[in-house]
Amino acid sequence: MTKVLDGVKVVEISAWAFVPSAGAVLADWGAEVIKIEPPTGDPIRGLVNAGVASIEGVNQNFEIWNRGKKAIALDLTQPEAREIVLKLVADADVFLTRYLPPVRRKLGIDHDDIIGANPKIIYACGTGQGAKGPEQDRGGYDSITFWSRGSVSAAVTPPGYPRPVGMPSGAFGDSLSGVSLAGGIASALVRKAKTGEGGLVDGSLLGTAMWCMQMAIVGSVVAGVTSAPPAPPADGPQPPAMVFNPLTYNYKTSDDRWVALCMLQPDLYFDGLVKAIGRGDMATDERFSTPQARAQNLTAIVSELEATFNSKPLAHWQEELAKQPGQWDVVRLPFELPNDPQAIANGFVQNVDYGNGKTLPIIASPVQHDRTPLELTRAPEFAADTDDVLASIGMDEDAILQAKISGAVV
């Protein structure tokens, strides 16, 4: 594995998923990430997901966002604990936090506190709505700030649906926002390497959502409508009459699976597609034989293709679609992806060993260096690295013991 951030030290005071996911990316890339938890631990350690809190004592939610880090627990309400934080950041490259300004000020870990200990450090924050404006002190979660306020939910909810559609996966917006924040930190590390300057890096759930939704946001403004159709044009639950390109649509197979077509140049691929799926007659049908005719008979094309794809199982269509150059794929289910040949070949998923024959498939950060798969290791147990981390800032055994007795260190 190419550890491009080898030698970079990150001090993280955070919880849940957004900002810890940024720390996980940095750890994947080789940084030393020291996670500071409160005496009660990161609350995600006990989060129940899909009715499952842990598998044989391993909480997958904590593992996902904290793999490869070191862990220490401090009671930051105590002055001695804050002094330990300042010693830890004295030689660090990055300070990473999710806490809002009032809490940062209360705990003595605000920007001025940290750069007072290290003027060249990169101070990185993940917030809900951004670091400025009337709501800078308001918290946020991805289900409300990214998904709902960011207009993602409205865009994927079909007209007439009884309620807004929810996120497809836990921490969906958190994970996108986290990798974006990690990229911002990496760019700040480049500046630091060139100039010696640190600086502020801010990422937010709302800003990331707007980045993801920018085609719809800008398109709706330009068109003067309340919402713009996504690109590719609307498909899914909407009726064929609303499809603008029948080769950018999802088709159901006889075994209740779905094939997703995304041929943005339908006139280029139409003849090859229909011949590959055994419907060469459609290429010569006067309703579909020219671009103009196809434009006037979109509903008929969709109906013909729906009937055809619904006549045979997915495995059949995978073989047939591979014979034509147009773009397509299968609507996969989450449990299938760890065994996807492409995921395996590229090391997108790593089976992390927990001993005693226990493994957990952890998804690697989506960016690799030198085309070398990342090597992931498990997340730390609560306060597992306390003694080693404190020793690294010059505290001897007596000082560490005293700090534990006082309650500053857990």
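Predicted model, so just to flag it, every value in this text is computed and none were measured.

Trainee: What am I meant to see in the packing of aromatic side chains here?
Mentor: Geometry of an aromatic ring pair is reported as the spacing of the ring centres plus the angle between the planes. Applying the stated criterion across every chain yields a total of seven aromatic pairs. Ring geometry for Tyr249 versus Tyr251: centroids 5.1 Å apart, planes at 70°, classification edge-to-face. A relative accessible area of 3% means that Tyr249 is categorised as buried. Exposure remark for Tyr251: the relative accessible area of 0% places this residue in the buried category. Three or more aromatic residues link up through ring pairs in this structure, and these residues are Tyr249, Tyr251, Phe309 and Trp317. Across the ring face of Phe62, the terminal group of Arg45 is positioned such that the distance to the ring centre comes to 3.7 Å. Positioned over the ring face of Tyr99 is Arg98, at 5.4 Å from the centre of the ring.

Trainee: Looking at this structure, how should I read the sheet that holds strand E8 (residues 258–261)?
Mentor: Consider a sheet: its strands pair through backbone hydrogen bonds, and that pairing is either parallel or antiparallel. Taken together, the three strands give an open sheet; going across it, the order is E7-E8-E9, and neighbouring strands pair in antiparallel fashion. Each of the sheet's edge strands pairs with one partner strand only, and the pair in question is strand E7 (250–252) and strand E9 (328–330). Adjacent strand axes in the sheet meet at a mean angle of 25° when their direction is disregarded. By the bridge criterion, three bridges tie E7 to E8 in an arrangement that is antiparallel. Along E8, the bridge assignment pairs Asn250 with Ala260.

Trainee: Would you mind showing me how to read the confidence of the model for the protein here?
Mentor: As a general rule, the predicted coordinates of low-pLDDT regions are not to be interpreted in detail. Taken as a whole, the protein shows an average pLDDT of 92; of its residues, 93% reach a score of 70 or greater. A low-confidence stretch, residues 230–239 stays under pLDDT 50, and its non-local contacts, those more than four residues away or across chains, total 16 contacts.

Trainee: I would appreciate a short explanation of the pattern of salt bridges in the present structure.
Mentor: Side chains bearing opposite charge may pair, as long as their charged atoms lie close to each other. The full count for this structure, using the stated rule, is 22 salt bridges. Between Arg279 and Asp281 there is a salt bridge, and its shortest N-O distance comes to 3.0 Å. In this structure, Arg279 engages Glu304 in a salt bridge whose closest nitrogen and oxygen atoms are separated by 3.0 Å. Remark: Glu304 occurs in helix H14 (residues 298–309) and Arg279 occurs in the loop between helix H11 (266–276) and helix H12 (281–284); sequence separation between them is 25 residues. For Arg279, a relative accessible area of 16% gives the class buried. Overall, the relative accessible area of 22% leaves Glu304 in the partly exposed class.

Trainee: I would appreciate a short explanation of the environment of Ile114 in the present structure.
Mentor: Among the structural elements, Ile114 can be located in helix H5 (residues 111–117). For Ile114, a relative accessible area of 0% translates into the label buried. Counting along the chain gives 19 residues from Ile114 to Phe95, while the straight-line C-alpha distance between them is 7.9 Å. Setting aside chain neighbours within four positions, we find Ile114 in contact with Val85, Leu86, Val89, Phe95, Ile109, Ile121 and Tyr123.

Trainee: Any chance you could explain the nonpolar core here in plain terms?
Mentor: The tendency in soluble globular proteins is for nonpolar side chains to be buried as a group. Ranked by size, the top nonpolar core spans 37 residues in total, and within it Val10, Leu26, Leu96, Leu181 and Ile185 carry the most contacts. Looking at this core, the elements that each hand over two or more residues are helix H1 (18–28), strand E4 (94–97), strand E5 (122–127), helix H6 (142–149), helix H8 (172–195), helix H9 (205–212) and strand E11 (359–363). Element by element, the count of residues in this core is highest for H1, at six residues. Setting aside chain neighbours within four positions, we find Leu181 in contact with Phe18, Val19, Ala22, Leu96, Cys125, Gly126, Val201, Asp202 and Gly203. The next biggest cluster of nonpolar side chains, apart from the first, holds 29 residues, and it includes Ile36, Leu74, Phe95 and Ile109.

What counts, and at which threshold
Residues numbered from 1 in each chain as written. Predicted model: local features only at pLDDT ≥ 70, side-chain atom pairs only at ≥ 80, totals over all residues. Heavy atoms only, no water. Phe/Tyr/Trp six-rings, centres within 6.5 Å; stacked < 30°, edge-to-face > 60°. Buried < 20%, exposed > 50% of the residue type's maximum accessible area, 1.4 Å probe, protein only. Lys NZ or Arg CZ within 6 Å of the ring centre and 35° of its normal. Pairing = 2+ DSSP bridges. Helix = DSSP H or I, 4+ residues; strand = E, 2+ residues; numbered from the N terminus. Axes fitted to C-alpha atoms, helices over the stretch in contact; angles between N-to-C directions. pLDDT = per-residue confidence, 0-100. Contact = heavy atoms within 4.5 Å. Salt bridge = Lys/Arg side-chain N within 4 Å of Asp/Glu carboxyl O. Core = buried A, V, L, I, M, F, W, Y, C linked by side-chain atoms within 4.5 Å.

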